[in-house]
Structure formats: structure tokens, C-alpha cells
Amino acid sequence: MAEGERKTALEMVQAAGTDRHCVTFVLHEEDHTLGNSLRYMIMKNPEVEFCGYTTTHPSESKINLRIQTRGALPAVEPFQRGLNELMNVCQHVLDKFEASIKEYKDQKASRNESTF
Amino acid sequence: MAAAQAVQEMRTRVVLGEFGVRNVHTTDFPGNYSGYDDAWDQDRFEKNFRVDVVHLDENSLEFDMVGIDAAIANAFRRILLAEVPTMAVEKVLVYNNTSIVQDEILAHRLGLIPIHADPRLFEYRNQGDEEGTEIDTLQFRLQVRCTRNPHAAKDSSDPNELYVNHKVYTRHMTWVPLGNQADLFPEGTIRPVHDDILIAQLRPGQEIDLLMHCVKGIGKDHAKFSPVATASYRLLPDITLLEPVEGEAAEELSRCFSPGVIEVQEVQGKKVARVANPRLDTFSREVFRNEKLKKLVRLARVRDHYIFSVESTGVLPPDVLVREAIKVLMGKCRRFLDELDAVQMD
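Cut-offs used in this document
- Residues numbered from 1 in each chain as written.
- Chains lettered and ligands numbered in written order.
- Predicted model: local features only at pLDDT ≥ 70, side-chain atom pairs only at ≥ 80, totals over all residues.
- Heavy atoms only, no water.
- Pairing = 2+ DSSP bridges.
- Helix = DSSP H or I, 4+ residues; strand = E, 2+ residues; numbered from the N terminus.
- Axes fitted to C-alpha atoms, helices over the stretch in contact; angles between N-to-C directions.
- Contact = heavy atoms within 4.5 Å.
- Buried < 20%, exposed > 50% of the residue type's maximum accessible area, 1.4 Å probe, protein only.
- Polar contact = N/O pair within 3.5 Å; in protein donor to acceptor, adjacent residues only side chain to side chain.
- UniProt positions renumbered as here; feature names shortened; annotations may be inferred.
- Buried area = accessible area lost by both parts, 1.4 Å probe.
- Salt bridge = Lys/Arg side-chain N within 4 Å of Asp/Glu carboxyl O.
- Nonpolar A, V, L, I, M, F, W, Y, C, P; charged D, E, K, R; others polar.

1. Things to note about the sheet that holds strand 4 (residues 62-69) of chain A
Pairing between the strands of a sheet comes from backbone hydrogen bonds, and it takes one of two forms, parallel or antiparallel. Overall, antiparallel pairing links the four strands, which are arranged 1-2-4-3 (chain A) in an open sheet. Lying at the two open borders of the sheet, with one neighbouring strand each, are strand 1 (10-13) and strand 3 (48-55) of chain A. Between one strand and the next, the sheet's axes are offset by a mean angle of 20°, whatever the strand orientation. Across seven bridges, the pairing between strand 2 (residues 22-28) of chain A and strand 4 of chain A is antiparallel. Of the residues in strand 4 of chain A, the one forming a bridge with threonine 24 of chain A is arginine 66 of chain A. Across the face of the sheet, helix 8 (residues 318-345) of chain B comes into contact with strand 1 and strand 2 of chain A while running at roughly 60° to strand 1 of chain A.

This is how it looks when you write it as C-alpha cells:
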């Protein structure tokens, strides 16, 4: 079903010896839907040196998303920013879509009226 | 000058060559092109982005999304197919099935029937809950018995005349309200979407008597929960004539593309080809089979112009489905933002 039974949906894995600027996030119950769109938003951030994601195995429903930042910026920051920006994009798409649907329906209604 | 044009083409067009496709991947990330500022800018995105609805009726929707990247457009498509919830038959309690269709085949067919119930008014069933409550379950009863028709003609061989109730359709499914569902849902609103889907065929003496439980689910779990017949997108075609095409070649060119794409006009006595409506083309690439013409045309697609086509099974109108899909993606982002906040709290 939709919700997983695990309590943790998000894990952070860091290689020993590196500081917080390169981190691999493990997102459970996710696939290319969120992975690819999030990767795109994070790559658009000029502070990010590397961002990529993989599905570990088709039988397992999780993705590994790795972020490396240039400089000393902690990797959590572009991750959070990418999520926020993706939400803003979705909100804007939703607003524009609803406006467009409403306009289409109004146009059709006025066209129907004018024929009678 | 030519270099700048080539860079523009690389950034904005996916080019279909004779033997392959070029410039497929998105490359406009910060630092890839000198002289371009590709960092994410919400204002620039909002200025460039637009949605145009081309066609909308009760079951299908065609709309254009311009100014967005493939990753996000594909996310919407994937969510429409697999993560927008619907109600469908999950458990079938068979009291009597003497028909020729096996129990499990019958149950599988019943699961695939689209149920006209707004899934937003229901909740997911809890794991391990066998009975189901009124907030997460819908019950349907199917009870059909086939008998011989006593008034049929002696020598008739038409099953419609000889037998009564020999075809079991979805219109024989009756809704059994649970708890307060009878007050919440007026008579006739909870039903299968189509009442003429053939479920099974019977002969005299055979009977089907069963009870169905519908639950809320998503397409990722089982395809019966998918709310769309299909949802797909294509990129807007972009056909450019590299040289003027005249005379007989113009006629040949117009035959290489779908009808309406290339228009042949009479200009000063000569026939000249002009690209009239590239949107109609299905890119059969017939032009590459013609030695003369293949050098005169460039086939490409506009990278950020998506023509979406959503066909609903009837559970929800297609514009509601797109709206729900966008909300699902927002829900996913919010879930991880909340997780991050929770982690940072400790």
C-alpha cells in the first residue's frame, strides 16, 4: 500500500573522515518520480558540485541520493532548498493549470451561450 | 554567430538525425555554458512557464505545459499512472459460484472494474484489518441466477431468447451501504462507472452469488487502482526547412509528413513548401528515406514544450486527476521536509 511500515523514511550516510559537505541520503519508498525531479532541482543550485541518484535494486523500493557541495556548505542545505523549490514549482504549476482550466471552461460556456 | 546558434540549438532542441537522436539530455545546469546564468530562479521560471488547455471533455484532456523540464513533467506522468488513489474491488467473498468461470478469474475481473466513488472521501484501510469500516470500504453484492425461458420458441437457437439472465453485466452489481454511507452518498452515486461491462456468462442452473469489498489503493500496488486509461506526453515537433523547396519536390515533401504539416502554396507561379502546423506531425521520419529531401529538412523537438494527453477511466474527471497528481508530488516533498525538521530537532 502507499505508506511503508518503517518509521524512518530518510537516512543519511556519510563516509568516515569527510565533513558534512558530501552526504548520501537514503529515501525509502521512493523511486524515479521524486528522485529525478529532486536531482534536477538540486543540480540547478550553483553551490552543488555533484548530485546524482540511483535505485539500489528494483526489488527494493528506495533511492540513494548523493550530494556534494563545493566549499564548506553542509549537504543538507541544498537538499532542503531543492525540496522547497520543487514544492514552489508544483504550487505554481497547480495555480497556472487551474487558471487555464477555468479559462477553457468559461470560454466553452460563453461559446455555447452565443450559439443559442 | 554560428557557434551561438549551435549552442542555442543544443540547449533548446532535441534533434532527430537520420541514425540517432542528438542533444537528448538536459544540460542547462550552472557552469556548463559560459555566458548563461542557469541557476534556479523562481521568477524567471514563472515568467516563462505557461499552461494551455487544448481540449477537455468528461473523459479526456489535452493540454500543453511550456517552460518546464523533462524530470518534472515525467514525475507528473508517473504519478498520474501509479500514485493517484482510486477505489477498486479487493476482496471477493464467494458464497456460491456454479458458473464456468473459476472463482479467482472472476475475482480478478471484478477487481478491474472501475468504481465510480470519489477516493478523496475515503481512507486507506489499516494493515491487518480484515473486516473494514465504513470510512475505508465499499460493499457491492452480485447475485445472478440463470434460468430457462419458458416462453421461448421451440426451435429457437438464440441464447437471448432461450435463457433468462445468461449474461452477467456490471449493472447487476448492487451497492450495500455500510454504517452511515447511506446518508453520505445519495442513491445511485456509488456504482461501477459503466453498467454494460460483461463479467461472466451463465447457462440454466448456474448461479453467481458473491459480496465484494472495495478499498482505496494506488496503481503502484496493483494496476486496477490506476485512475487513467493512459496518461502520456510528447514534445512539440519543430520542423525547419534548411533551403527553400519548390516545384515537384514541394509536393513530395508534403507527402513525407502527416497531413496538414506541410502546406504547398503557389507563389509567383511556382509551388513552394511551407511548414504550416508542425504540431500535427507524428515523426514517421519518412523524409529520411528520400535522398534528395533529407538534406533540406531538420527534424527536431522543442525540449521544454510538453503536450500532455490524459484519458480518465471515469472515476474522476481528467482535470481533477492532474490536480491530484500535482498535490501528490507536493505531498512527497512535504513529507521529506518534515523528516528533515524532525531529524534536525534532535
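2. Looking at the side chain of serine 37 of chain A
One can find serine 37 of chain A in helix 1 (residues 32-43). When its relative accessible area of 0% is taken as the criterion, serine 37 of chain A is described as buried. A distance of 3.3 Å separates the side chain of serine 37 of chain A from the backbone oxygen of leucine 34 of chain A, its partner in a polar contact. Discounting chain neighbours no more than four positions away, the residues touching serine 37 of chain A are His32 and Leu86 of chain A together with Ala71, Ile72 and Ala75 of chain B.

3. Observations concerning the UniProt feature "domain: DNA-directed RNA polymerase RBP11-like dimerisation" (unreviewed entry) in chain A
Feature annotation in UniProt assigns "domain: DNA-directed RNA polymerase RBP11-like dimerisation" (unreviewed entry) to the following positions: residues 22-95 of chain A. Here residues 22-95 of chain A is 43% helix and 31% strand, with 35 Å between the C-alpha atoms at its ends.

4. A short note on the interface of chain B and chain A
Listed as interface residues are 54 residues of chain B and, on the opposing side, 47 residues of chain A. Of all residues in chain B, the largest losses of buried area upon contact with chain A belong to Phe29, Trp40 and Phe336 of chain B, amounting jointly to 15% of the total for that side. The interface formed by chain B and chain A holds seven salt bridges in total. For the salt bridge of aspartate 319 of chain B with lysine 105 of chain A, the shortest nitrogen-to-oxygen distance reads 3.5 Å. The tally of links from chain B across to chain A stands at 13 residue pairs in polar contact (both at pLDDT 80 or more). Every element with two or more residues in the side of chain B that touches chain A is listed here: helix 2 (42-48), strand 3 (50-56), strand 4 (60-66), helix 3 (70-82) and helix 8 of chain B. Sorting elements by how many residues they give to the side of chain B that touches chain A places helix 8 of chain B first, with 18 residues. When grouped by side-chain class, the residues that make up the side of chain B that touches chain A number 30 nonpolar, five polar and 19 charged.

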